[in-house]
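Chains, contacts and geometry: an overview
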Amino acid sequence: MIPFVDINAQYLIIKDEIDSAISACISSGNFIRGSAVTDFEKAFATYIGTDHCVSCGNGTDALEIILRSLDIGSGDEVIVPALSWIATAEAVNNVGAEPVFVDIEEKCYTIDVTRIEEKITSKTKAIIPVHLYGCPVDMDEILRISKKHSLFIIEDCAQAHGAMYKGKKVGTFGTASAFSFFPTKNLGAFGDAGAIVTDSSEIADKARMISNHGQMNTRHKHNIIGRNSRLDTLQAEVLKVKLNYLDTWNQNRIIAAAKYKERLSNCKEIILPEIPQGRTHVYHLFVIRTKRREDIIYEFRKRNIAFSIHYPTPLPFLDAYKYKQQTPDNFPVSARVTEEIISLPFYPEITDNYIDIVCDTILGIFNR
Ligand SMILES: *Cc1c(COP(=O)(O)O)cnc(C)c1O
């Protein structure tokens, strides 16, 4: 059986470090806030290259807290790609604003920057570019559009820790940016976790207050109505250790992706991930596209090769967004692409042998 991801393989590499950090945390009896959390925030801000990092409960909360920090709410619209994890759009609804979907482009499956401006209205407050699968969005265009129309940029970096656009890490372009540390993400905790990064001390302060019951630094002084969305101290301990390995793991993802590409490149019926100039893709997922997806799925099932589809349904066509009454003609690329994409087994520690088995299985279908 070839797994889709193998979190345990990564744990075994750093078991001693992780185990001692966790047991020290348990012995200390401090599970909420504390130095592990502030240490991780500092280290992550330094890693990304922003002035501030505010940790929180998960990536969805990070998006929601950013939206609230920017006073985006009822009556406002936010531009969101039609293909993403639902959290990107859900966060917009959950602050009372309305997500406005834009179709994706064919190469990277990220938001089609040429289709954004036609969706901007007087109610539009922000754009949420999603660096889907770890591939950076065309940030020059996003910056140009946001400047021209005075919009905030909220980068959804949940799949792109360490990805770079023209030599700068994603997460540094937005007004504020959201990261998820869901266990399978490029940087993953042992449970839910997330963070906000920004250069604005004003946004960072507001995000910190919102995530901790409206308090700033003084206990029992609640400045605004906030909520509870904190990074557990235990998760901060795990993330602190793992952050030191993120670049190596991303490099291993890039190497594994190159192996897949080399083996599959001669097959004309498969579209491989294509990276535009000036972008460093960190391959949260390795997604290929083919009209014969059903045949691949059939063979994978037969041979116990795990796979996934990210995502089978574009956001506008989910039941949750039925109220928008969108049809495939409104999002033709998303509609077509989601019929053809398949995510192959992929993680930094994946062996050459596994990659060979997966590729032999795929190529066997086309060579028949
Ligand atoms: C994982 C993910 C999120 C949400 O993160 P959680 O930590 O699971 O809440 C948001 N956006 C994208 C694109 C994601 O992949």
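Sequence order sets the numbering: in each chain, residues are counted from 1 along the sequence as written. Under the rules for a predicted model, residues below a pLDDT of 70 receive no local features and side-chain atom pairs below 80 are neither given nor counted, while totals for whole chains, interfaces and linings still include all residues. Note: side-chain values were computed over all heavy atoms of the structure, leaving out hydrogens and water.

**A look at helix α6 (residues 139-149)**
Listed in full, the buried residues belonging to α6 are Met 139, Ile 142, Ile 145 and Ser 146. Buried residues in α6, looked at end-on, bunch into an arc of 125°, giving them a common side. Seen from the buried face of α6, the exposed residues on the opposite side, beyond 90 degrees, are Lys 147 and Lys 148. Contacts are assigned to residue pairs that have any heavy atoms within 4.5 Å of one another. For the purposes of this entry, the term helix denotes a DSSP run of H or I that reaches at least four residues, the term strand denotes a run of E that reaches at least two, and both are numbered from the N terminus. Structurally, α6 contributes buried residues whose contacts are with β4 (124-127), β5 (152-156) and β6 (164-165). Under this definition, polar contacts are N or O atom pairs within 3.5 Å; protein pairs additionally need one hydrogen-donor-capable and one acceptor-capable atom, and for neighbouring residues in sequence, both atoms have to be side-chain atoms. Near the N-terminus of α6, the side chain that reaches the backbone nitrogen of Asp 140, with its oxygen 3.4 Å away, is that of Asp 138. In the stretch just after α6, Ser 150 is the one whose phi turns positive, near 50°. For each residue, the accessible area found with a 1.4 Å probe, counting protein chains only, is set against the maximum for its type, and the residue is called buried under 20%, exposed over 50%, and partly exposed in between. The directions from the helix axis to the C-beta atoms are what the arc is built from.

**Remarks on the site of the ligand**
Near the ligand you find 14 residues, and of these Gly 59, Thr 60, Asp 156, Ser 180 and Lys 185 are the closest. At a separation of 2.4 Å, an oxygen atom of the ligand approaches a polar side-chain atom of Thr 60. The side chain of Asp 156 places a nitrogen or oxygen atom 2.8 Å from a nitrogen atom of the ligand. When the ligand sits alone it has 380 Å² of accessible area, and the protein chains cover 93% of it. The method works on a 1 Å grid over the protein atoms by themselves. A cavity is a set of points holding a 1.4 Å probe that cannot get out, a pocket is an open set with protein on both sides within 12 Å along at least five of seven lines, and residues with an atom within 4 Å of a point line them. Each molecule is assigned to a cavity or pocket provided more than half of its atoms lie within 2 Å of the corresponding grid points. Put simply, the ligand lies in the largest pocket. At the level of secondary structure, the elements contributing two or more residues to the shell around the ligand comprise α4 (59-69) and α5 (87-94). Classification convention: Asp, Glu, Lys, Arg as charged; Ala, Val, Leu, Ile, Met, Phe, Trp, Tyr, Cys, Pro as nonpolar; all other residues, Gly among them, as polar. Split by residue class, the shell around the ligand holds five nonpolar, seven polar and two charged. Whether a residue is near a molecule or strand is decided by its heavy atoms; if any one of them lies within 4 Å of it, the residue is near. Reported accessibility uses the Shrake-Rupley method at a 1.4 Å probe radius. Residues are deemed covered only where the shown protein chains occlude them.

**A short note on unusual backbone geometry**
The omega angle of the peptide bond from His 310 to Tyr 311 is 5°, so this bond is cis rather than trans. One non-glycine residue, Tyr 133, lies in the positive phi region at around 65°. With respect to the helices and strands, Tyr 133 occurs in the loop between β4 and α6. Here Tyr 133 falls in the buried class, since its relative accessible area comes to 3%. One non-glycine residue with positive phi stands out, namely Tyr 283, at about 45°. With respect to the helices, strands and loops of the structure, Tyr 283 is situated in the loop between β10 (279-280) and β11 (286-289).

**Comments concerning the packing of aromatic side chains**
What characterises a pair of aromatic rings is the spacing of the ring centres plus the angle enclosed by the ring planes. Aromatic rings from Phe, Tyr and Trp, with only the six-membered ring used for Trp, were paired whenever their centres fell within 6.5 Å, and each pair was classed as stacked if the ring planes differed by under 30 degrees, edge-to-face if by over 60, and tilted otherwise. All chains considered together, the criterion is met by 19 aromatic pairs. Seen in terms of ring centroids, Phe 40 and Phe 181 are 5.5 Å apart; in terms of plane orientation they differ by 80°. Their pairing is edge-to-face. Placement of Phe 40 in helix α3 (residues 35-48) and of Phe 181 in the loop between β8 (176-180) and β9 (194-198) is noted, with a sequence separation of 141 residues between them. An identical accessibility class is assigned to Phe 40 and Phe 181; each is buried. Ring geometry for Tyr 165 and Phe 173: centres 5.7 Å apart, planes at 80°, overall edge-to-face. Each member of the aromatic cluster is reached from another via a ring pair, and the members are Phe 40, Phe 44, Tyr 47, Phe 179 and Phe 181. Put simply, a charge is over a ring when the Lys NZ or the Arg CZ is close to the ring centre, within 6 Å, and near the line of the ring normal, within 35 degrees. Stacked on the ring of Tyr 47, the Lys or Arg Lys 169 has its end atom at 4.0 Å from the ring centre.

**Things to note about the sheet that holds β5**
At least two DSSP bridges between two strands are needed for those strands to be called paired. Taking strand neighbours across the sheet as the criterion, the seven strands line up as β1-β9-β8-β5-β4-β2-β3 in an open arrangement whose pairing is mixed. Edge positions in the open sheet fall to β1 (52-56) and β3 (98-102), since each of these has one partner strand only. Averaged over all adjacent pairs, the angle separating strand axes in this sheet is 25°, with direction ignored. Bridge analysis of β4 against β5 gives two bridges, and the strand direction is parallel. Each residue of the ladder has a partner; that of Ile 127, found in β5, is Ile 153. With axes taken as lines fitted to C-alpha atoms, and helix axes fitted only over the stretch in contact, angles between N-to-C directions fall between 0 and 180 degrees. Its contacts with the sheet place α5 against β2 (77-81), β3 and β5, and it is angled at close to 150° to β3.

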